[in-house]
Amino acid sequence: MTVPALQNTGVIYRRILSQFPQDISLAFAYGSGVFKQQGTSQGQMGNMVDFVFAVDDAVTWHTMNLLQNRKHYSFLKLLGPRKISSIQSDHGAGVYYNTLVPVDGRVIKYGVISTESLIEDLMHWKTLYIAGRLHKPVKMLAQSDNSKLRAALVGNLKSAVTASFLMLPESFSEEDLFLQIAGLSYAGDFRMVIGEDKSKVANIVQDNMQHFRILYTNILQDCPQVVYKPQQGKLEVDKSPEGQFVQLMTLPRTLQQRITRLVDPPGKNRDVEEILLQVAQDPDCGAVVQQAISSIVKSSSITQSAKGVATAGLWKTVSYSAKKLMKMWRGWRRKPPVS
């Protein structure tokens, strides 16, 4: 199974991608500049467009990009490609972002991550930073013939479904599921307290239901844990302790480890399987999973944002943050008054 392509790649995106070194294993565009979100103007590319590039050899890629696009980098360009690659891989979520970059008449932000780090995040949810972005509709622009990467992309979507099942009641709607999935990578993100529109998750889902269906329908139809009724848009999931145990056992490794830390008292050192069996029988199983996901996201969002100050430079950081705060303020203004 492969991740479905949501739309044909538009010429705008191909033109932008052509401005960069072409040794890219995966490239995608995402966010409100690509997909309409309720309360935003998404004129095709009306907002800043976000990209992620996965590369097999970060040092070589940054070497080439510094030759082609030196102005995209902050003062860190003075340190050279090896140090930039080291900053990329050793700090935050393993991504190096250049932001507020003018390319082909547009303003973009792009993150560079090693293919190895991306696969690790997709499979194990080490940071849930790029894996979380790929839970939602994105516009795939390029993908190499890497079978491990292909399998990891699909596995990431399956993990998002499984984790969401554990946090939802026995019966729920498609929209409930997609809201839960879209919210996974925002749980615990400090930027949701200040800097992001509080309606962000609902805005992402409500105008993109069809895109979410394209991503998840095959996975839901093949999943033995759920009864999926696409015509009614309804689902029923197995909430028995046995069913929840099966789901917990298939969660990504880092999430299982975080659940274990939350439940197992220090010094007891019980087997992971034993702990997950206990959680499966707990009426608060969903809350435990939610708390564990939040702990992953909180850590990576703080460290990646701190790194962003250096990779973007102070002026761009202030400018970018001001735009985010303005978006958050507009979101507040759109909310109907409480009667």
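Use the structure listed above.
Residues numbered from 1 in each chain as written. Predicted model: local features only at pLDDT ≥ 70, side-chain atom pairs only at ≥ 80, totals over all residues. Heavy atoms only, no water.

Chemist: Sorry if this is basic, but what is going on with the pattern of salt bridges here?
Modeler: If charged atoms from side chains of opposite charge come close, those side chains can pair. One pass over the structure, following the stated rule, counts eight salt bridges. Three or more residues joined by partner-sharing salt bridges are found here, namely Asp264, Arg270 and Glu274. (Salt bridge = Lys/Arg side-chain N within 4 Å of Asp/Glu carboxyl O.)

Chemist: Quick question: what am I supposed to make of the packing of aromatic side chains here?
Modeler: We describe a pair of aromatic rings using the distance from one ring centre to the other and the angle between the two ring planes. Counted according to the given criterion, the structure contains twelve aromatic pairs. An angle of 45° between the planes, with centres 6.1 Å apart, marks the rings of Phe165 and Phe172 as tilted. Under the relative-accessibility criterion, Phe165 is labelled buried at 1%. Given the relative accessible area of 4%, Phe172 is considered buried. An aromatic cluster is present here, built from Tyr13, Phe20, Phe51, Phe53, Trp61 and Tyr110 joined pairwise through their rings. The side chain of Lys109 reaches across the aromatic face of Tyr97, ending 4.9 Å from its centre. Of note, Arg133 hangs over the ring of Tyr129, and the distance from its end group to the ring centre comes to 4.1 Å. (Phe/Tyr/Trp six-rings, centres within 6.5 Å; stacked < 30°, edge-to-face > 60°. Buried < 20%, exposed > 50% of the residue type's maximum accessible area, 1.4 Å probe, protein only. Lys NZ or Arg CZ within 6 Å of the ring centre and 35° of its normal.)

Chemist: Please explain the sheet that holds strand S1 (residues 26-30) as it appears in this structure.
Modeler: Within a sheet, adjacent strands bond to each other through the backbone by hydrogen bonds, running parallel or antiparallel. On the basis of which strands lie adjacent, the open sheet formed by five strands has the order S3-S4-S2-S1-S5 and mixed pairing. The sheet terminates laterally at strand S3 (95-103) and strand S5 (139-143), the two strands that pair on one side only. Strand after strand, the sheet turns through a mean of 20° between neighbouring axes, direction not considered. Both S1 and S5 contribute to a ladder of four bridges, which runs antiparallel. Residue pairing in the sheet places Leu26 in a bridge with Gln143 of S5. Seen against the sheet, helix H2 (residues 58-69) touches strand S2 (49-55), S3 and strand S4 (106-114) and runs at an angle of roughly 155° to S4. (Pairing = 2+ DSSP bridges. Helix = DSSP H or I, 4+ residues; strand = E, 2+ residues; numbered from the N terminus. Axes fitted to C-alpha atoms, helices over the stretch in contact; angles between N-to-C directions. Contact = heavy atoms within 4.5 Å.)

Chemist: Sorry if this is basic, but what is going on with unusual backbone geometry here?
Modeler: Leave glycine aside and you will find that most residues have negative phi; peptide bonds, for their part, are mostly trans. Positive phi is not limited to glycine here, since Trp125 has a value of about 55°. Unusually for a residue other than glycine, Leu128 sits at a positive phi of about 60°. Here Leu128 is to be found in the loop between helix H4 (115-124) and helix H5 (130-133).

Chemist: How should I be thinking about the side chain of Asn69 in this particular structure?
Modeler: Looking at the element boundaries, Asn69 is found in helix H2. Given a relative accessible area of 11%, Asn69 falls into the buried group.

Chemist: Which parts of the structure should I look at to understand the environment of Ser185?
Modeler: Mapped onto the secondary structure, Ser185 falls in the loop between helix H7 (174-183) and helix H8 (200-206). For Ser185, a relative accessible area of 7% translates into the label buried. C-alpha of Ser185 to C-alpha of Val297: the two residues are 112 residues apart in sequence and 6.3 Å apart in space. Setting aside anything within four residues of it in sequence, one finds Ser185 in contact with Leu128, Gly132, Lys136 and Val297. A distance of 2.8 Å separates polar atoms of two side chains, one belonging to Ser185 and the other to Lys136. (Polar contact = N/O pair within 3.5 Å; in protein donor to acceptor, adjacent residues only side chain to side chain.)

Chemist: Mind showing me how you'd approach helix H3 (residues 81-90) here?
Modeler: Owing to its 3.6 residues per turn, the α-helix aligns residues three or four sequence positions apart on the same side. Those residues of H3 not exposed but buried are Ile84, Ser85, Ile87 and Gln88. Looking straight down H3, one finds that the buried residues subtend no more than 160° of arc, so they occupy a single side. H3 presents Arg82 and Asp90 as exposed residues on the side facing more than 90 degrees away from its buried surface. Within two residues after H3, Gly92 carries a phi angle of roughly 65°, on the positive side. (Arc of directions from axis to C-beta.)

Chemist: Explanation requested: the packing of helix H11 (residues 253-263) against helix H12 (residues 272-280) in the structure shown.
Modeler: In a packed pair of helices, the relevant descriptors are the angle between the two axes and the axis-to-axis distance. Between H11 and H12, whose axes approach to 10 Å, the crossing angle comes to 75°. One way to sum up the angle between H11 and H12 is to call them roughly perpendicular. Listed contacts from H12 to Gln256, Ile259, Thr260 and Val263 of H11 are Val272, Ile275, Leu276, Gln278 and Val279. Partitioning the contact of H11 with H12 into residue classes produces six nonpolar, three polar and no charged. (Parallel < 35°, antiparallel > 145°, perpendicular 65-115°, else oblique. Nonpolar A, V, L, I, M, F, W, Y, C, P; charged D, E, K, R; others polar.)

Chemist: Quick question: what am I supposed to make of the packing of H2 against H3 here?
Modeler: The interhelical angle for the contact between H2 and H3, taken along N-to-C directions, is 125°, at an axis separation of 8 Å. As the angle between them shows, H2 and H3 are arranged oblique. By crossing handedness, the relation of H2 to H3 is classed as right-handed. From H2, Ala58, Val59, His62, Thr63 and Leu66 reach across to H3, where they touch Pro81, Arg82, Ile84, Ser85 and Gln88. Its residues assigned to classes, the contact of H2 with H3 comprises five nonpolar, four polar and one charged. (Left-handed = near helix turned anticlockwise from the far one by under 90°.)

Chemist: Would you mind showing me how to read the pairing of S3 here?
Modeler: Every regular strand shows the same layout, with side chains that alternate between the two sheet faces. Most of S3 is tucked away, with eight of its nine residues classed as buried. Hairpin connection, S3 to S4: the antiparallel pair is bridged by two residues, and Asp104 has positive phi, about 55°.

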